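Observations on the three-dimensional arrangement
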Amino acid sequence: ACSALAFDQNHSSFDKVLKAVVDKQGLVNYKMLHDHPAELKAYLHELGGVSEKELTAWSRDEKLAFWINAYNAFTLKAIIDHYPIKRDSLKGLAFPANSIRQISGVWDKLTWKVAGMKLTLNQIEHEKLRAELKEPRIHFAINCASIGCPLLEDFAFRADRLDEQLNGVAKAFVQHPQKVRLDRKANRLYLSKIFEWFGEDFAGFDEVEGYGKLDGVVSFVSSQMSDANKAFVRKSRPAIKWLDYDWTLNEQK
């Protein structure tokens, strides 16, 4: 059977959800989303309604936008399904009480119906976005509902603007002092743990050498900096330090 309507490549229903619940700091009104989930559920239904065959025919940018939005939408749904979040007795003490880390199996057990498949968030991230589409900038676009993550944007990603959107979120991430910080005096470059976890994804960037496996990371990060900071990094070769990752829920107060 043919689906009556072609999939909306503007992701309008998700865009509407994000505009309603996300503020300029990237914080989410989970209570409002929990109490009024209809629009989000309608979008998840759209994601589930795409066939695998249909998806295969799409352009790379259409696939990328689809999987990024799917990841973010399913993450929002996982939070509101467990809202307000309760401490998990086993691993509860290692992480903040109101954290996605308290939701057991949130990345590797919970499955979501999408494009004719049942996938976990990990499968969407590692198999679809990283292995198949090989786009390092997804690390600034997918959001794990935590302060340490890239900000959740108040718009949906869409193929016809994707490059500009991904460049925008990458720059915003590198220029956010809680994610990347250059201390010229101490000659240190403080980086988000995201670059430690996914350093290999940046291997294609190679303007900076001498950091071993992190050459690509430092090349990429410096390429997103102001000209002065970029020149400093490339000349002074600061030591890398990893910032603590803040797993507190990205919730509006």
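The notes below deal with the structure included here. (Residues numbered from 1 in each chain as written. Predicted model: local features only at pLDDT ≥ 70, side-chain atom pairs only at ≥ 80, totals over all residues. Heavy atoms only, no water.)

1. A word on the sheet that holds strand 4 (residues 188-191)
Sheet architecture is open: three strands sit in the order 3-4-5, paired in mixed fashion. The open sheet has two edge strands with one neighbour each: strand 3 (180-183) and strand 5 (239-242). Each neighbouring strand pair of the sheet contributes to a mean axis angle of 20°, computed without reference to strand direction. Here strand 4 pairs with strand 5 via four bridges, running parallel. Paired with Tyr190 across the two strands is Lys241, which belongs to strand 5. (Pairing = 2+ DSSP bridges. Helix = DSSP H or I, 4+ residues; strand = E, 2+ residues; numbered from the N terminus. Axes fitted to C-alpha atoms, helices over the stretch in contact; angles between N-to-C directions.)

2. Points about the pairing of strand 3
Walk down a regular strand and you will see the side chains alternate between the two sheet faces. Direction of pairing for strand 3 relative to strand 4: antiparallel, over a ladder of four bridges. Each residue of the ladder has a partner; that of Arg181, found in strand 4, is Tyr190.

3. Overview of unusual backbone geometry
Put simply, Tyr83 and Pro84 share a cis peptide bond, and its omega is -10°. A positive phi angle, close to 60°, is found at Ala145, a residue other than glycine. One can find Ala145 in the loop between helix 6 (121-132) and helix 7 (162-174). A positive phi angle, near 45°, is found at Arg237, a position not held by glycine.

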